[in-house]
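# Understanding the architecture of this molecule
Read off the chains here:
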Amino acid sequence: MDAMTTVPSYTPSLWVRLCHALPRLDLTMEMKDNVFVPDSWEYQQTLLVLSSLSAIALVISVLVVLSFLIHYCCCHRGDRSEGSEEEEEDEDASTGHGYSGKKGRGICCVTWVAVASVTLCCVAIGIGFYGNSEANDGMYQLTSSLLTANYTLASIDLLISDTVSGLQLSVSGPLTSMEELFTGSKPFLASTRNCRRLSENVINLLSSISMARSSVDAGLGNDSVNGASIIPLTPVPPSVAPTVVPAGGLMPSPFSPGWAANTLMVNEDYRWLSYMLLLLLDLIVCLFILLGLAKQARWLLILMTVLAWLALFLSWGSLGLETATVVALSDFCSDTNAFVVNSTHFNTGTSSDVLDYYLTCSRRMNSPFQQLLTQSQRALSNIHTHLSSLDRNALTQFPKAEKSLREVQQILNSTEGNFHQLVALLNCRGLNKDYIDSLKGLCYDGMEGLLYLSLYSFLSALAFTAILCSLPGAWRSFPSDTEEYEDSDSESEDPFTSHQYSPSMLTGYGGGQSHPNPAHSRNLYSR
């Protein structure tokens, strides 16, 4: 009983409590409670209302971007004629390809806004990678715990089936032979019949221990039921633990943790891959936008603008899904036992006492199987006492009964070994630890990962909104093809051969004459 005080406990995190406290409105804008009932249409309406907030934000983002596009396309045309004189003065004051004045300041502002938006998007992408990894780790811990619990439940059913089949074999085989041999001796016959009666009693008691998992027997233990040997189970790692795959239908009957683990693993693989593709798309768009700004490649920026529109819609859409998932998960994690008890009792028919025992594992609660196990233990002890008495007294008078007696003793020894393993597995500590580990993986790591993914979606949506607002102004500031051609021609001119000197320029230097005075030259040489 002291060991049960060290059972790990689970308490909802701060983020779970905050998200669980959010107000809930249905489609008619009426307040609803925050009890996790995923099958209820009223509860689904509250999640739809929360998801619609991202749709409203998407509409606002589109309107903002369209307003900037209208400003660049319409208003900038009127500013061209008014600012033509100012641009000529700026060109006279600038050298090379440099910019100055209002045009230079505008280009610098637009470019830095685009660079800052791309930087914000890169930060969001880093947060998204971390959140995706955290969510994947939480789901891995959840599925691993479910597989371990599935293996424990399968081992319980296998031990019960092996024990029952072994006792049935002893009743139908060697005990029947011993009764025929001891027909002439009433004391020995009474002891043999007591062994039969106690064996049948143990069979009935163990058969009444049900975890409502008959589907596991279909995948485990069918071969051992019809066999004669009973081999105690050796624990194997959860990664190779057998899981039950339903033969048909989406929902196995009854429900099993193995089916849930397999379903969650498949869905988690698709979710992880989808977010990786979305993150890579955002990263490629950001890198090529920076490349387009650096190279002043207008066609590249136009292509990235189209992809930025796609990324904007995906970011707001993923934010809506993440908002609904985070809120629903917080409702589940705030009161997990109530939902698990109700859903498991409905799907499997397991009694609420059994579920409460394994979910809470309180030292104040007794095992619901304690009485059955105690009675079975006493019956097995009485069988062992009767067989020891027959071994001491009956074999000297009936030597032919030795073979049948040895078979019954062997079956009894294997049955007692399996019974001790069964008592250990039926203790609440193992299954409760798996339950707590699954909750920690889902409600701690999984919740944290979803919150980081929500932050990534929000920041990336803001970043792409700013990018779409700034890119049109950036590519309009790039020089056109004709301007680049004229600039290249002016740069390729030779300053030593391109200027033609006129006679007027020469007369300005020679005092009005284009040729030197011969007399003046002769006087110079005569000296």
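These numbers were taken from a predicted model, which means no experiment stands behind them.

Calculation rules
- For every chain, the first residue of its written sequence is number 1, and the numbers climb from 1 along that sequence.
- With pLDDT at 70 or above as the cut-off, local features in this predicted model cover only qualifying residues; side-chain atom pairs require 80 or more to be listed or tallied, and sums for whole chains, interfaces and linings still use all residues.
- Only hydrogens and water are removed before side-chain values are computed, so all heavy atoms of the structure are retained for them.
- Cysteine sulfurs are considered disulfide-paired once they come within 2.5 Å of each other.
- Only runs of H or I of at least four residues qualify as helices and only runs of E of at least two qualify as strands under DSSP, and these elements are numbered from the N terminus.
- The buried label applies to any residue whose accessible area, calculated with a 1.4 Å probe on protein chains only, is under 20% of its type's maximum; exposed applies above 50%, and partly exposed to all values in between.
- Working definition of a nonpolar core: buried Ala, Val, Leu, Ile, Met, Phe, Trp, Tyr and Cys residues. They are joined through side-chain atoms within 4.5 Å.
- Two rings from Phe, Tyr or Trp (for Trp, the six-membered ring) form a pair when their centres sit within 6.5 Å of each other. Planes less than 30 degrees apart are called stacked, planes more than 60 degrees apart edge-to-face, and all others tilted.
- Given the number of residues in a helix, its expected span is that number minus one, multiplied by 1.5 Å.
- Angles shown run from 0 to 180 degrees and are taken between the N-to-C directions of axes, each axis being a line fitted to C-alpha atoms and, for helices, limited to the stretch in contact.
- Whether a crossing is left-handed or right-handed is set by the direction in which the near helix is turned from the far one by less than a right angle, anticlockwise for left-handed and clockwise for right-handed.
- Should any heavy atoms of two residues lie within 4.5 Å, those residues are considered in contact.
- We call Asp, Glu, Lys and Arg charged. Ala, Val, Leu, Ile, Met, Phe, Trp, Tyr, Cys and Pro are nonpolar, and the rest, Gly among them, are polar.
- The residues that make up patches have over 30% relative accessible area and no salt bridge, and they are joined within 9 Å when like-charged or within 5 Å when they are Val, Leu, Ile, Met, Phe, Trp or Tyr.
- Residue-level accessible areas treat just the shown protein chains as cover; the underlying method is Shrake-Rupley with a 1.4 Å probe.
- Think of a salt bridge as a Lys or Arg side-chain nitrogen and an Asp or Glu carboxyl oxygen that are within 4 Å of each other.
- As a per-residue measure, pLDDT tells how confident the predictor is, with possible values from 0 to 100.
- Definitions used for this entry: grid spacing 1 Å over protein atoms alone; cavity, a set of points where a 1.4 Å probe fits but cannot get out; pocket, an open set with protein on both sides within 12 Å along at least 5 of 7 lines; lining residue, one with an atom within 4 Å of a point.
- Grid points are joined across faces, edges and corners, and a volume is the space filled by probe spheres set on the points.

Under the criterion given, the structure shown has two disulfides. Across the disulfide from Cys333 sits Cys443; the S-S distance is 1.9 Å. For the disulfide bridge between Cys333 and Cys443, the dihedral angle about the S-S bond is near -85°, and by the sign convention the bridge is left-handed. Of this pair, Cys333 sits in helix 10 (residues 298–334) while Cys443 sits in helix 15 (residues 428–476), and the two are 110 residues apart along the sequence. Cysteine pairing in the protein chain follows 1-4, 2-3, where each cysteine in a disulfide is numbered by its order in the sequence.

Further remarks concern unusual backbone geometry. We note that Met29 has phi near 60°; this positive angle belongs to a residue other than glycine. With respect to the helices and strands, Met29 occurs in the loop between strand 1 (24–25) and strand 2 (31–32). In this structure Met29 comes out as exposed when scored by relative accessible area, which is 52%. Positive phi outside glycine occurs at Cys361, with the angle close to 50°. Tracing the backbone shows Cys361 in the loop between helix 12 (352–360) and helix 13 (370–393).

This next bit is on the nonpolar core. Among the nonpolar cores identified, the biggest contains 41 residues, and Phe182, Leu206, Tyr358 and Leu426 are the most heavily contacted of them. Counting residues per element, the ones that place at least two in this core are helix 4 (101–172), helix 5 (174–181), helix 6 (186–207), helix 12, helix 13, helix 14 (402–425) and helix 15.

Let us look at the packing of aromatic side chains. Taken as a whole and judged by the stated rule, the model has 12 aromatic pairs. Taken together, a centroid distance of 4.9 Å and an interplanar angle of 75° make the contact between Phe36 and Phe339 edge-to-face. Here Phe339 lies in helix 11 (residues 336–348) and Phe36 lies in the loop between strand 2 and helix 2 (41–82), a separation of 303 residues in the sequence. Here the aromatic rings of Phe182 and Phe188 are separated by 5.7 Å at their centres, their planes lie at 55°, and the arrangement is tilted. Across the pair, exposure class does not vary: Phe182 and Phe188 are buried alike.

Turning next to helix 14. Along its 24 residues, helix 14 runs 35 Å from first to last C-alpha, staying within 8% of the 34 Å computed at 1.5 Å per residue. Taken residue by residue, helix 14 has Ser404, Leu405, Val408, Gln409, Ile411, Leu412, Thr415, Asn418, Phe419 and Leu422 as its buried positions.

This part is about the packing of helix 9 (residues 257–295) against helix 10. The contact between helix 9 and helix 10 brings their axes to 10 Å, and the two run at 150°. Relative to helix 10, the crossing made by helix 9 is left-handed. In contact with Tyr275, Leu278, Leu281, Asp282, Ile284, Val285, Phe288, Ile289, Leu291, Gly292 and Leu293 of helix 9, helix 10 contributes Leu300, Leu301, Met304, Leu307, Ala308, Leu310, Ala311, Leu314, Ser315, Ser318 and Glu322. Looking at the contact of helix 9 with helix 10 residue by residue, the classes come out as 17 nonpolar, three polar and two charged.

The next subject is the environment of Pro38. Mapped onto the elements, Pro38 comes out in the loop between strand 2 and helix 2. Along the primary structure Pro38 and Phe332 are separated by 294 residues, whereas in three dimensions their C-alpha atoms are 9.5 Å apart. Beyond its immediate stretch of four places on either side in the chain, Pro38 contacts Tyr43, Gln44 and Phe339.

Now for helix 12. Owing to its 3.6 residues per turn, the α-helix brings residues three or four apart onto one side. All of the buried residues along helix 12 are Val354, Leu355, Tyr357, Tyr358 and Leu359. Where helix 12 ends, the next residue or the one after it, Cys361, has phi of about 50°, a positive value.

Let us now look at a nonpolar patch on the surface. Together, Phe129, Trp272, Leu273, Leu277, Leu280, Ile284, Leu287, Phe288, Leu290 and Leu291 make up a nonpolar patch on the protein surface, roughly 850 Å² of accessible area in all. Here the nonpolar patch gets nine residues from one element, more than from any other, and that element is helix 9. Relative to the helices and strands, Leu287 resides in helix 9. Accessibility expressed as a relative area gives 49% for Leu287, which makes it partly exposed.

For the protein chain, per-residue confidence averages 77 on the pLDDT scale, and 72% of positions sit at 70 or higher. Below pLDDT 50 for its whole length, residues 87–102 participates in 13 contacts with residues either more than four positions away or in separate chains. Low confidence marks residues 483–516, where pLDDT is under 50. Its contacts with residues over four positions away, or in another chain, come to five contacts.

Attention now goes to empty space enclosed by the protein. Scanning the model with the defined rule gives one cavity of 30 Å³ or more in all. Taken as a whole, the largest cavity spans an internal volume of roughly 50 Å³. As for the largest cavity, its lining consists of Leu167, Ser170, Leu175, Ser199, Ile383, Leu387, Val408, Ile411 and Leu412. If you tally residues by element for the lining of the largest cavity, the top one is helix 14, at three residues. Here the lining of the largest cavity is built from residues that sort into seven nonpolar, two polar and no charged.

If you trace the backbone, Ser199 turns up in helix 6. Among the residues examined, Ser199 registers a relative accessible area of 3% and is labelled buried.

Considering all chains together, one arrives at eight salt bridges under this definition. Note that Glu179 is salt-bridged to Arg196, the shortest N-O span being 2.8 Å. Placement of Glu179 in helix 5 and of Arg196 in helix 6 is noted, with a sequence separation of 17 residues between them. Accessibility assignment for this pair places Glu179 and Arg196 in one class, buried. As a salt-bridge pair, Asp437 and Lys433 come within 3.0 Å of each other at their nearest N and O atoms. With Asp437 and Lys433 both in helix 15 and four residues apart, this pair spans about one turn of that helix. For Asp437, a relative accessible area of 18% translates into the label buried. The class for Lys433 is partly exposed, based on a relative accessible area of 43%.

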